[in-house]
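Fold and contact review
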4 protein chains.
Amino acid sequence: MTSECSPRFLASDNTSGMCPEAMEMLLKANHEDDLAYGNDRWTARAADRFREMFDYDCDVFFVFNGTAANSLALSAMGRSYHSVICHELAHIETDECGGPEFFSNGAKLLTSPGANGKLTPEGIEALVTKRSDIHYPKPKVISLTQATEVGTVYSREELIAIRAMADKYDLRLHMDGARFANACVGLNATPAELTWQVGVDVLCFSGTKNGLAFGEAILFFNRDLAEDFAYRCKQAGQLASKMRFISAPWLGLLENDVWRHNATHANAMARYLADGLADFPRVSLMFPVEANSVFVELPAGAIEALKAKGWAFYTFIGAGGARFVCSWNTSTALLDQLLDDIRATLNV
Amino acid sequence: MTSECSPRFLASDNTSGMCPEAMEMLLKANHEDDLAYGNDRWTARAADRFREMFDYDCDVFFVFNGTAANSLALSAMGRSYHSVICHELAHIETDECGGPEFFSNGAKLLTSPGANGKLTPEGIEALVTKRSDIHYPKPKVISLTQATEVGTVYSREELIAIRAMADKYDLRLHMDGARFANACVGLNATPAELTWQVGVDVLCFSGTKNGLAFGEAILFFNRDLAEDFAYRCKQAGQLASKMRFISAPWLGLLENDVWRHNATHANAMARYLADGLADFPRVSLMFPVEANSVFVELPAGAIEALKAKGWAFYTFIGAGGARFVCSWNTSTALLDQLLDDIRATLNV
Amino acid sequence: MTSECSPRFLASDNTSGMCPEAMEMLLKANHEDDLAYGNDRWTARAADRFREMFDYDCDVFFVFNGTAANSLALSAMGRSYHSVICHELAHIETDECGGPEFFSNGAKLLTSPGANGKLTPEGIEALVTKRSDIHYPKPKVISLTQATEVGTVYSREELIAIRAMADKYDLRLHMDGARFANACVGLNATPAELTWQVGVDVLCFSGTKNGLAFGEAILFFNRDLAEDFAYRCKQAGQLASKMRFISAPWLGLLENDVWRHNATHANAMARYLADGLADFPRVSLMFPVEANSVFVELPAGAIEALKAKGWAFYTFIGAGGARFVCSWNTSTALLDQLLDDIRATLNV
Amino acid sequence: MTSECSPRFLASDNTSGMCPEAMEMLLKANHEDDLAYGNDRWTARAADRFREMFDYDCDVFFVFNGTAANSLALSAMGRSYHSVICHELAHIETDECGGPEFFSNGAKLLTSPGANGKLTPEGIEALVTKRSDIHYPKPKVISLTQATEVGTVYSREELIAIRAMADKYDLRLHMDGARFANACVGLNATPAELTWQVGVDVLCFSGTKNGLAFGEAILFFNRDLAEDFAYRCKQAGQLASKMRFISAPWLGLLENDVWRHNATHANAMARYLADGLADFPRVSLMFPVEANSVFVELPAGAIEALKAKGWAFYTFIGAGGARFVCSWNTSTALLDQLLDDIRATLNV
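Residues numbered from 1 in each chain as written. Chains lettered and ligands numbered in written order. Predicted model: local features only at pLDDT ≥ 70, side-chain atom pairs only at ≥ 80, totals over all residues. Heavy atoms only, no water.

Observations regarding the pattern of salt bridges
Residues and elements named next belong to chain B.
- Inspection of the entire model under this criterion finds 95 salt bridges over all chains.
- Here glutamate 52 ties to arginine 49 by a salt bridge, and the two come within 2.9 Å at their closest N and O atoms. A residue pair is termed a helical-turn pair when its members lie 3 or 4 positions apart in one helix, as glutamate 52 and arginine 49 do in helix H2 (residues 43-54) at 3 residues.
- Given the relative accessible area of 22%, arginine 49 is considered partly exposed.
- With a closest N to O distance of 3.0 Å, arginine 271 and aspartate 275 form a salt bridge. (Salt bridge = Lys/Arg side-chain N within 4 Å of Asp/Glu carboxyl O. Helix = DSSP H or I, 4+ residues; strand = E, 2+ residues; numbered from the N terminus. Buried < 20%, exposed > 50% of the residue type's maximum accessible area, 1.4 Å probe, protein only.)

Looking at the sheet that holds strand S7 (residues 202-206) of chain D
Residue and element names in this part refer to chain D.
- Strand order across the open sheet formed by 7 strands is S2-S8-S7-S6-S5-S3-S4, with mixed pairing between neighbours. Either end of the sheet is taken by a strand with one partner, and the two such strands are strand S2 (59-63) and strand S4 (108-112). For this sheet, the mean angle separating the axes of adjacent strands, direction not counted, is 25°.
- Where S7 meets strand S8 (residues 216-220), 5 bridges bridge the pair, whose relative direction is antiparallel. Note on S8: the bridge partner recorded for cysteine 204 is isoleucine 218.
- Each of strand S3 (82-87), S4 and strand S5 (138-145) touches helix H6 (residues 121-130); the most contacted strand, S4, lies at about 135° to it.
- Strands in contact with helix H10 (residues 244-254) are S2, S7 and S8; relative to S2, the strand with the most contacts, it is inclined by about 115°. (Pairing = 2+ DSSP bridges. Axes fitted to C-alpha atoms, helices over the stretch in contact; angles between N-to-C directions. Contact = heavy atoms within 4.5 Å.)

Digging into the relation of the copies chain D and chain A
- Turning chain D through 180° and shifting it by 0.0 Å along the axis lays it on chain A, with an RMSD of 0.0 Å. Seen this way, the second copy is the image of the first under a two-fold rotation axis.
- Most of the interface of chain D is mirrored in chain A, where 100% of its interface residues are also at the interface. (Least-squares fit on C-alpha atoms with pLDDT ≥ 70 in both.)

So, the relation of the copies chain A and chain B
- By a simple turn and slide, chain A fits onto chain B: the slide is 0.0 Å along the axis, the RMSD is 0.0 Å, and the turn is 180°.
- When the interface residues of chain A are mapped onto chain B, 100% of them are again interface residues, pointing to one common binding face.

Shape is all these values report; function is a separate question.
And the structure:
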């Protein structure tokens with residue numbers, strides 16, 4: 001990551017810091033002492049904002065990070081001998097170091113392929129019907145990621161079709177919303193339209209990728225699943241004593257639709273980058289750009305050249321593949337630099 | 001907790017916010033984007049400061065909260081069929097909702113009484129020798145809390161005697177340092193003198209109670225126990241993606257000995273309160289005041305009267321017992337108010 | 001355990017072998033091949049016999065041993081952040097090496113004292129009401145042992161009073177029936193009268209201690225708790241592939257009331273021993289003899305003298321305490337020898 | 001499974017009962033009372049026989065079944081954040097309902113394809129080198145099945161090559177020996193030649209499939225991994241109180257090489273069946289017959305026709321695939337009947 005210039009970050013939306021509105025609320029929350037463990041002046045208010053935002057009387061819990069949010073939600077949705085159906089590229093499968101298996105005490109993830117990083121009803125059905133004996137974990141949960149790991153989104157129609165499959169086989173529906181805000185913007189949909197209205201039982205909504213330092217919200221639209229969930233969070237080391245430093249910044253995102261503005265900006269920057277790359281020779285998009293990520297195939301040597309110039313980005317997607325993720329604070333200036341550097345690399 | 005006046009907090013050192021030096025570093029860390037998962041400009045630096053502070057080449061990990069720190073450390077120090085010896089008032093026993101049992105997948109806590117909240121060599125030996133068959137979990141770890149849950153401290157001599165018992169029975173030594181800074185100040189000892197020099201294998205050092213919003217450090221002086229520990233943290237939902245927002249504030253505590261100043265202040269405030277209470281009739285200290293907590297026995301009615309006046313504090317210690325915990329930002333003004341209110345309650 | 005004479009066993013009812021009726025059925029089941037995993041000609045039949053015996057349409061599962069039976073049942077009755085209330089002498093607390101904690105992934109056992117090894121409603125209530133915050137595991141299950149670890153039995157009245165307490169606090173009721181047959185005989189009660197009729201949700205009924213080589217039955221009177229329990233057994237390594245070698249011997253116990261005859265004999269032998277000891281000087285019974293165990297306090301030196309003569313028995317009960325357990329095959333001849341040896345030891 | 005004739009079993013080697021030598025020892029062990037938990041006259045002797053048989057001073061433990069044996073061994077060989085490399089058809093992956101994940105509290109299985117059900121060094125290396133970051137479980141164990149799930153065997157050369165890969169990447173080597181006896185016979189090799197001599201750390205050796213009712217042996221050639229393993233077994237519900245009923249029948253297998261005779265017979269029967277099928281039109285073997293299983297592809301309708309005639313066998317292997325497993329008591333008469341019935345089905 002060393003270069004003459006300082007690093008230039010498009011590696012992930014978690015290289016950005018806190019957005020101003022979140023920081024302002026954090027500073028406010030620091031003005032006075034307050035009660036611990038969520039009994040403060042901020043936490044209940046943040047939970048209420050979520051209920052307004054989703055137009056639903058859901059149960060809301062705050063935890064520290066995304067692995068914990070997903071893992072705790074999944075462990076509440078099934079038991080150790082159940083299985084969770086997810087896409088083979090799902091974060092819970094590829095990037096949480098066995099967190100879901102650990103928190104659930106052994107639940108198995110059953111993975112399915114699917115174009116553009118998306119589960120399909122057929123793929124789900126194939127996994128559910130493959131086995132029905134007690135020698136194999138019983139499918140209990142579908143977990144889908146909205147927006148997906150490759151920057152695409154599930155349409156409402158796709159979500160409804162997946163919910164129908166869940167109903168057919170008595171499965172629960174979990175949504176990993178690490179980039180849920182970007183999906184809402186990408187689909188021009190309300191949070192309600194993409195969650196409880198299409199039968200999502202539990203949503204893990206990321207604040208970290210939307211402009212916080214830490215803090216994910218777990219929303220139970222199926223409130224039966226939230227029974228005693230506060231105990232689960234506490235036992236699993238996810239109850240913040242100074243909870244207000246999670247919930248107050250969340251208020252910064254939730255009030256005045258800052259979450260949507262941040263996501264709108266990030267998505268627009270991804271679009272800007274994709275458009276800028278459109279005419280480059282030997283460069284092709286790997287997936288539709290529907291949220292805030294751009295996956296591109298670059299010619300041999302280009303990735304090394306860009307890294308040498310100080311660009312920080314991931315290349316885990318296969319030979320020649322690069323992922324650029326835009327955030328609430330990504331600038332066109334930065335993207336123009338990137339486009340210039342790619343152009344130079346390509347000798348265009 | 002409602003009253004005409006706003007609440008006045010002496011419930012715990014986690015009702016205070018961030019101290020200025022920690023906040024300053026958090027704001028600095030927010031100036032620029034940075035790499036995720038601890039590969040930033042702050043985390044390695046903070047770990048180095050710990051190594052200097054302890055004068056030891058220990059392994060350092062940052063996690064979100066104290067339950068996680070203790071539970072992860074203990075799970076690395078033993079296996080599911082081992083047991084952990086601790087005081088019957090230890091936080092891991094009484095206030096972590098089975099976190100140690102959960103993270104270790106079933107390790108049992110064996111509790112011992114002991115004056116002033118402290119384990120004794122005899123108490124440890126009694127537990128170790130009670131059973132030696134495979135029908136009972138095998139003792140593997142001693143966990144002690146420094147300062148203790150009742151505001152006392154283990155002297156170096158006491159620690160050395162406990163370590164001798166650990167050696168005798170091949171046990172590992174864990175220190176819950178939720179108020180370790182206060183213990184160092186209370187004993188006028190260096191961090192080294194209270195840890196590796198007396199044979200502590202792993203220390204969980206709390207930043208939250210010393211002036212951070214979140215973030216505990218786990219220090220492995222016995223580095224063999226830290227093998228693959230980064231994976232453990234990740235799997236257990238304790239690897240912060242924006243790690244710099246934990247590590248940079250820690251730098252605010254570690255540089256210029258702010259941690260010690262904060263603890264010195266808190267301890268001094270506890271002493272101030274204890275001294276103020278000394279001449280009150282029908283009020284007696286329940287434990288020696290050696291760190292930042294004051295436990296007092298109050299006459300009937302006094303607790304309710306104080307709560308009615310907006311004082312927030314815990315009373316879980318038995319009939320008439322109240323706990324007041326001082327923090328980096330507790331003021332003599334606040335304590336004078338408390339003393340006045342107690343005096344009024346007592347009709348002195 | 002070495003002595004001139006061969007060992008003479010009164011250590012536990014698990015030093016006895018298989019009773020003839022169980023062995024006969026095992027031999028029969030070995031005559032022909034049969035389907036695995038309980039789909040054989042014996043398993044369904046044994047389950048039906050249980051349903052007849054209890055006069056209840058309960059769900060029946062067979063597992064290998066008592067630790068597994070109790071642990072699996074308890075893990076189905078609560079979750080990791082729940083707690084199980086039991087007597088401080090309960091086998092799940094003292095002799096299963098943390099099995100319940102392991103299978104449940106961390107549930108805590110809360111122990112209560114109580115005369116004659118029995119939980120009391122008051123003791124239960126004290127544990128339930130001690131804490132009601134999320135920092136401590138939430139009580140969810142009461143586990144009682146019938147007959148108890150000290151050879152006493154809960155009367156129907158006592159069971160009803162405990163069930164009332166369970167109802168008051170929304171707790172489930174588990175019965176460890178390691179010596180359930182002996183309790184039925186001791187109380188001259190039917191199995192139904194001691195279980196579902198008094199609100200027991202789940203019973204673990206031991207075959208091993210009643211004349212089998214292995215094999216415990218878990219009976220769910222509350223069938224909701226048995227949902228997917230077969231998967232739980234399989235995952236936990238408790239589904240026997242050659243299940244018929246557990247279920248067929250069980251038929252040997254269940255048909256013709258052999259289980260009751262075996263228990264009747266064992267209880268009678270305990271009574272015989274107790275009566276024989278009644279007039280001995282310096283020998284006193286520690287607990288009422290209500291099932292098949294006799295706990296006696298012996299004068300100094302007597303225990304060593306008896307062990308030197310080849311008697312195998314446990315002495316874990318405190319200074320001078322010895323436990324003698326009678327079984328389906330304990331003979332008066334053996335007990336007369338023991339009485340003679342004790343008499344000799346006492347120089348009577 | 002209903003038909004005019006009684007069922008005829010070739011479904012698995014666990015449809016057979018106990019072999020006479022094992023039964024004889026079980027009956028002997030039942031003649032007298034004995035100490036519980038393995039302190040009897042049989043268990044140490046059986047363990048010694050294993051040490052002689054393998055010509056190695058290994059640690060030996062007995063557990064109830066194969067899922068438990070594999071899961072306990074694997075959990076002792078790694079920790080929750082580690083991964084286990086196995087073939088995609090491995091029993092631990094496909095038929096233990098998440099047992100390894102449960103006992104290890106979350107370890108992930110990484111599966112590899114491979115011809116004839118066998119892992120290859122290249123396949124292992126591909127999995128190990130795919131990821132090396134803390135967001136994915138760290139490979140720690142290779143688990144291979146000998147004989148494999150499809151009735152083939154690893155040659156010594158193949159085992160040595162896999163061990164070399166294990167050494168290269170610091171991995172431990174586990175062998176699922178559900179049909180280890182059949183592999184020894186198939187390869188005409190000694191137990192030592194196929195285990196510690198080629199670097200196997202831990203072997204799970206099945207007695208159930210070789211002629212017992214229950215009871216698997218776990219052999220630790222790497223004795224460091226066996227530290228406190230007896231506690232692990234106890235906690236996990238795998239310590240038999242009447243242990244002699246596992247260990248004495250094992251003696252029946254181990255003395256006079258009965259284990260080898262049983263496996264020799266079973267393998268010969270599989271060969272007999274395969275030879276008989278060789279000339280049948282439209283019937284083809286799916287895998288080389290190297291142990292006691294025969295996998296055949298049958299024409300449409302044949303499977304249903306055979307099942308209608310009362311044949312019990314598995315067909316999970318894909319369209320038209322049938323698995324016939326021979327055992328210590330499979331007779332040529334039975335196989336001749338099967339061949340006749342297949343011939344009739346084929347209208348040959």
